[in-house]
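Structural characterization, general
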Amino acid sequence: LYLPLAGKNRAWLAVPVVFLFVGFWHERTGFGTQPAWYAWAFLNALGVIINKFLDDTLARYRKTGRCAASGPAHWLLQLERKRLR
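Residues numbered from 1 in each chain as written. Predicted model: local features only at pLDDT ≥ 70, side-chain atom pairs only at ≥ 80, totals over all residues. Heavy atoms only, no water.

1. Things to note about the overall build of the chain
Looking only at helices and strands, the chain has three helices and zero strands in total. Tracing the chain from N to C terminus, the helices and strands come up as α-α-α. Sorting the 85 residues of the chain into buried and exposed places 19% on the buried side. Counting only carbon and sulfur atoms, one obtains 65% of the accessible surface of the chain, whose full area is about 6,600 Å². (Helix = DSSP H or I, 4+ residues; strand = E, 2+ residues; numbered from the N terminus. Buried < 20%, exposed > 50% of the residue type's maximum accessible area, 1.4 Å probe, protein only. Areas by Shrake-Rupley, 256 points an atom, 1.4 Å probe, with all protein chains shown as cover.)

Spelled out as structure tokens, the structure:
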């Protein structure tokens, strides 16, 4: 399911669809009757997407030494600079 949706190329689309499918798969009483599964799917998809974004940002920083990042990614890069010193 992940690869046909473009996998690494469009993770922002593939990851939520996969987790939504997993939430639906585990719900036994019918679509939408147990919202906890969908909340679980949303939170996991959000975590995976954030993790992928930060990994890509750090990889770009490690490769070039520069990266146009702001917000939490900028804070993470500051920590990475301190660690590399």
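2. Some words on a nonpolar patch on the surface
Where nonpolar side chains cluster on the molecular surface, the patch consists of F42, L43, L46 and I50 and spans about 410 Å² of accessible area. Here F42 is to be found in helix α2 (residues 35-64). Taking relative accessible area as the criterion, F42 reaches 53% and is therefore assigned exposed. (Patch = residues over 30% accessible without salt bridge, like charges linked within 9 Å, V, L, I, M, F, W, Y side chains within 5 Å. Salt bridge = Lys/Arg side-chain N within 4 Å of Asp/Glu carboxyl O.)

3. Observations regarding the packing of aromatic side chains
For the coordinates displayed, the defined rule picks out three aromatic pairs. Centre to centre, the rings of F21 and W25 are 5.8 Å apart; their planes meet at 40°, and the pair counts as tilted. Residue F21 and its partner W25 are located together in helix α1 (residues 11-26), separated by four residues, close to a single helical turn. Where W37 meets W40, the ring centres are 6.0 Å apart and the plane angle is 80°; that geometry is what we call edge-to-face. Here the residue W37 and the residue W40 both occupy positions in helix α2, the gap between them amounting to three residues, near one helical turn. (Phe/Tyr/Trp six-rings, centres within 6.5 Å; stacked < 30°, edge-to-face > 60°.)

4. Details of the nonpolar core
Ranked by size, the top nonpolar core spans five residues in total: A11, V15, F19, A41 and A45. Residue assignment for this core shows that the elements contributing at least two residues are α1 and α2. With three residues, the single largest contributor to this core is α1. (Core = buried A, V, L, I, M, F, W, Y, C linked by side-chain atoms within 4.5 Å.)

5. Some thoughts on the environment of Y38
Examined against the element boundaries, Y38 turns out to sit in helix α2. The buried category is assigned to Y38, whose relative accessible area is 16%. A C-alpha to C-alpha distance of 9.3 Å links Y38 and F21, two positions 17 residues apart in sequence. Those residues in contact with Y38, other than ones at most four positions away along the chain, are L20, G23, F24, E27, F31 and G32. (Contact = heavy atoms within 4.5 Å.)

6. Let's talk about α1
Between its first and last C-alpha atoms α1 spans 22 Å; for 16 residues at 1.5 Å apiece the expected length is 22 Å, and the two agree. Among all positions of α1, only A11, A14, V15, F19 and G23 are buried. When α1 is viewed along its axis, its buried side chains cluster within an angular range of 165° and face the same direction. (Expected span 1.5 Å × (residues − 1). Arc of directions from axis to C-beta.)

Coordinates in, geometry out; function isn't part of it.
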